[in-house]
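Examining the three-dimensional arrangement
Here's the letter readout for the chains.
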Amino acid sequence: MSTPTKAQGIDTAGFRAGQLRDGYAVAERALPAGPAIHEHTHDFHAKAMILEGSFTLTVGGKATTFGPGEVFTMPAGIEHAERPGPEGVRYIAGRKLTR
């Protein structure tokens, strides 16, 4: 998959448990409102659930914004840009190394 996907209605405890079961390292993170993080890639697969605020991912020129309760995935190696919303964002982040 090369673009973010949305899923709603997942509870945070179930989301964390699923991440751990699938081999992801899980942490709660927050970013303040601010400028976009320019295009880059990661050497890990990412899966995150938005808790508060919003977060926009841009892949291949297409921007998708995620809000509370929504989940996005980003496979390792996919070039993308990130932008926290005007109120910042708090989210549960999962990272799974590709090595």
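Data block above holds the structure.
An account of the accompanying structure is given in this report. (Residues numbered from 1 in each chain as written. Predicted model: local features only at pLDDT ≥ 70, side-chain atom pairs only at ≥ 80, totals over all residues. Heavy atoms only, no water.)

1. Some points on the side chain of His80
Assignment of secondary structure puts His80 in strand 6 (residues 80-97). Other than its neighbours up to four places away in sequence, His80 contacts His38, Glu39, His40, Thr41, His42, Leu57, Thr58, Val59 and Met74. (Helix = DSSP H or I, 4+ residues; strand = E, 2+ residues; numbered from the N terminus. Contact = heavy atoms within 4.5 Å.)

2. So, helix 1 (residues 12-21)
The complete set of buried residues in helix 1 reads Phe15, Gly18 and Gln19. End-on view of helix 1: buried residues confined to an arc of 100°, all on one side of the axis. Away from the buried face of helix 1 by more than 90 degrees, exposed residues Ala13, Leu20 and Arg21 are located. Here the buried face of helix 1 lies against strand 1 (25-31), strand 3 (44-59), strand 5 (71-74) and strand 6. Looking one or two residues past helix 1, Gly23 carries a phi angle of roughly 90°, positive in sign. (Buried < 20%, exposed > 50% of the residue type's maximum accessible area, 1.4 Å probe, protein only. Arc of directions from axis to C-beta.)

3. Here's the deal with the packing of aromatic side chains
The full count for this structure, using the stated rule, is 3 aromatic pairs. Summarising the aromatic geometry, the rings of Phe55 and Phe72 are spaced 5.5 Å apart at their centres and angled 10° between planes, so their arrangement reads as stacked. In this pair, Phe55 sits in strand 3 while Phe72 sits in strand 5, placing the two residues 17 residues apart along the sequence. Each member of the pair, Phe55 as well as Phe72, is classed as buried. Among the aromatic residues, ring-to-ring pairing joins Phe55, Phe66, Phe72 and Tyr91 into one connected group. (Phe/Tyr/Trp six-rings, centres within 6.5 Å; stacked < 30°, edge-to-face > 60°.)

Any link to function would need more than the numbers given here.
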